[in-house]
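Okay, here's what each chain looks like letter by letter:
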Amino acid sequence: MKPYEQFVENMLSAVRSGQGKDPAAATALIQDALRNAGLMPGAPAATPSAAEAAARAPFVDLNGVPDWLRRQATAKGGKPAEDWRARLDALRPRPQPVTPDAPGQFIEGSFANAAGTRRYRLYVPARAATGPRPLVVMLHGCQQSAADFAAGTAMNRLAEEQGCLVLYPDQERSANSSNCWNWFDATHQQREQGEPSLLAGMTRKIVQEHGADPRRVYIAGLSAGGAMAAVMGAAYPELYAAVGVHSGLPVGAARDLMSGLNAMKGKHLHGASRTLRRRVPLIVFHGDQDAVVHPSNGEVLIRQFLGDGTVREIEERGTAGTGRGHTRTTALDDAGRAVAEHWVVHGAGHAWAGGDPSGSYTDAAGPSASAEMLRFFLGQAGG
């Protein structure tokens, strides 16, 4: 039984044993475990003592194996560390990674509305604009930050080449103790409510203030950020011309904490089977050895975004140089336009494919998710 499956079983056992004896204690136990996993909105739990931390069973959050830990394990002649060990280690303080070198400006800002305030980082290319620039919104995963995600995806380097603005919203610890976007909470799945309203408002602000092309605005994310990117594409199809989801989940797969855990295992609520009211082009990356978010989530996500329309699929297999192999399935509409791409990276876990090890939760061996997403995005334009 995988660590996260064991975790769910332990929690359910605690509920069953506690209901007839001490319901309050059972509830507190579950909430504490969920809070430490990043699935409990609100203030972070108190820092445990060393003895308590050692005794606590490791729990899988929505991140994967950091490159530095994989290298360490390989250097010792062993197999890459399991996801749960990497995630446990990721809770320890680490130096802030350096943003990949790019000659443009990486400015800081914030946006506020009735739902709260969120900070952000914005990359503005050094090269002069020849017209309104495309804008790519990038949502980090749990235990990450805007700067960390920029480093790991190296999207700023690509944006400099293509003349794109890149917006990195930053989640607040006060909103989620593990810096996860609250994709699993029904409060944050609706248009003009909660975090979707903040992200959409922030996007509109950047478009207006920096003269971005409103027809070429895109959104992508990793894990919890990927799940939230899917929510944003479904809720604001007029704002985002295309969506990129790496190791994420379909819209409506969960409505609360427990259903969020089940969705990570591939057990979704009925909402995940509902198609969108308007088709939005989608590119999905997922490792077929992902032990955190089950790879079936990518398949469900593709079906959800394609809807009931007729498409023709083309399947291609390849290898990223000497790195990992992959299978890419491209869905074409009646006019021959690519409306979806599904990349399955063989042998990959829960990490950004082709990422830079200067950031967390990256897999340099995979095809470049950043380059392929940007290529797909720039071939799409909203109407």
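Everything discussed here concerns the structure shown above.
Here, residues in each chain are numbered from 1, in the same order as that chain's written sequence. It should be noted that, the model being predicted, local features are given only for residues of pLDDT at least 70 and side-chain atom pairs only at 80 or more, the latter also being counted only at that level, while totals for whole chains, interfaces and linings use all residues. For the side-chain quantities, the full set of heavy atoms in the structure was used; hydrogens and water were omitted.

Student: Give a description of the packing of aromatic side chains that names residues and reports values.
Tutor: When two rings of Phe, Tyr or Trp (its six-membered ring) have centres within 6.5 Å they constitute a pair, described as stacked for plane angles under 30 degrees, edge-to-face for angles over 60, and tilted for the intermediate range. This model, assessed by the stated rule, comprises 5 aromatic pairs. Ring geometry for W183 and F184: centres 5.6 Å apart, planes at 85 degrees, overall edge-to-face. Take W183: its relative accessible area is 3%, and that puts it in the buried class. For the exposure calls, accessible area comes from a 1.4 Å probe over protein chains only, and a residue counts as buried if that area is under 20% of its type's maximum, exposed if over 50%, partly exposed in between. Exposure remark for F184: the relative accessible area of 1% places this residue in the buried category. With centroids separated by 5.0 Å and ring planes inclined at 10 degrees, the aromatic side chains of F285 and W343 adopt a geometry described as stacked. Taken together, the residues F285 in strand β7 (residues 282-287) and W343 in strand β10 (residues 338-345) connect sequence positions 58 residues apart. Counting from the N terminus, the helices are DSSP H or I runs at least four residues long and the strands are E runs at least two residues long.

Student: How would you explain unusual backbone geometry if you had to name every residue and give the values?
Tutor: Positive phi, normally seen in glycine, also occurs at Q143, with a value near 60 degrees. Its place among the elements puts Q143 in the loop between β3 (133-139) and α6 (146-153). Even without glycine at this site, A154 takes up a positive phi of about 55 degrees. Relative accessible area serves as the criterion here: at 13%, A154 is assigned to the buried category.

Student: Explain the nonpolar core to me, using residue names and the numbers behind them.
Tutor: Definition used in this section: a nonpolar core is a set of buried Ala, Val, Leu, Ile, Met, Phe, Trp, Tyr and Cys residues joined via side-chain atoms within 4.5 Å. Ranked by size, the top nonpolar core spans 60 residues in total, and within it L135, W183 and F305 carry the most contacts. Per-element accounting of this core gives the leading share, 9 residues, to helix α9 (residues 224-235). Within the second largest apolar cluster, 32 residues are counted, among which are A159, Y218, W343 and W352.

Student: I'd like to hear about helix α7 (residues 155-162), residue by residue, with values.
Tutor: Within α7, burial applies to M155, N156, L158, A159 and E160. Residue contacts are counted whenever heavy atoms from the two residues lie within 4.5 Å of one another. Contacts from the buried residues of α7 go to β1 (105-113), β2 (116-124), β3, α6, β4 (165-170) and α12 (369-378).

Student: Lay out helix α10 (residues 257-264) with the relevant residues and their values.
Tutor: With 6 of 8 residues buried, α10 is to be regarded as a mostly interior element. Along α10, the positions that sit buried rather than exposed are L257, S259, G260, L261, A263 and M264. Just downstream of α10 lies G266, where phi reads positive at about 95 degrees.

Student: Explain the pattern of salt bridges to me, and be specific about the residues and the numbers.
Tutor: Salt bridges, as used here, are contacts in which a Lys or Arg side-chain nitrogen is within 4 Å of a carboxyl oxygen on Asp or Glu. Following the criterion strictly, the structure yields 13 salt bridges and no others. Here R317 makes a salt bridge to E315, at a shortest N to O gap of 3.8 Å. According to the relative accessible area criterion, R317 is exposed, its value standing at 64%. Each of E316, R328, E341, E372 and R375 takes part in salt bridges that share partners, so that together they form one network.

Student: Go over the pairing of β10, please, and point to the residues and values.
Tutor: Along β10, 6 of the 8 residues are buried, which leaves the element largely enclosed by surrounding structure. Judged from the 6 bridges that link them, β7 and β10 form a sheet pairing that is parallel. Within β10, the residue paired with L282 across the bridge is A340. At least two bridges found by DSSP between two strands is the condition for calling them paired. Bridge count between strand β9 (residues 325-332) and β10: 7 bridges; the pairing is antiparallel. Residue H326 lies in a different strand from β10, and its bridge partner there is V345. The turn linking β9 back onto β10 is made up of 5 residues, and G336 within it adopts a positive phi angle of 85 degrees.

Student: Give a detailed account of the sheet that holds β2, specifying residues and quantitative values.
Tutor: With respect to topology, 10 strands assemble into an open sheet ordered β1-β2-β4-β3-β5-β6-β7-β10-β9-β8, the strand pairing being mixed. Of all the strands in the sheet, just β1 and β8 (312-319) have a single pairing partner and so form its edges. On average, each strand axis in the sheet is tilted by 20 degrees relative to the strand beside it, whichever way the strands run. As defined by bridge partners, strand β6 (residues 242-246) adjoins β7 across 4 bridges and the pair is classed as parallel. Between N-to-C directions, angles cover 0 to 180 degrees, with each direction set by a line fitted to C-alpha atoms, over the stretch in contact for helices.

Student: If you had to explain the environment of F184 to someone new, which residues and values would you point to?
Tutor: Looking at where F184 falls in the secondary structure, it is placed in the loop between β4 and α8 (194-210). Sequence spacing of F184 and M258 is 74 residues, and the spatial spacing of their C-alpha atoms is 9.0 Å.

Student: Quick rundown of the pairing of β7? Include the residues and the values.
Tutor: Counting buried positions over the 6 residues of β7 gives 6, a clear majority of the element. On β7, burial covers both faces: L282, V284 and H286 on one face and I283, F285 and G287 on the other are all buried. Crossover handedness for the path β6 to α10 to β7: right-handed. Here is how to tell: hold the view so the strands point away, follow the path from the first strand over the helix to the second, and if it runs clockwise the crossover is right-handed.

Student: Hey, could you go over the packing of α7 against α12 for me, with residue numbers and the actual values?
Tutor: How two helices sit against one another is set out by the angle between their axes and by the gap between those axes. Packing of α7 against α12 brings their axes to within 10 Å, and their N-to-C directions diverge by 40 degrees. The hand of the α7/α12 crossing is right-handed. Every residue of α12 that contacts α7 at M155, L158, A159 and Q162 is listed here: S370, A371, L374 and L378. Crossing chirality is assigned from the near helix's rotation relative to the far helix, an anticlockwise turn below a right angle marking it left-handed and a clockwise turn marking it right-handed.

So yeah, pure geometry; function would need other evidence.
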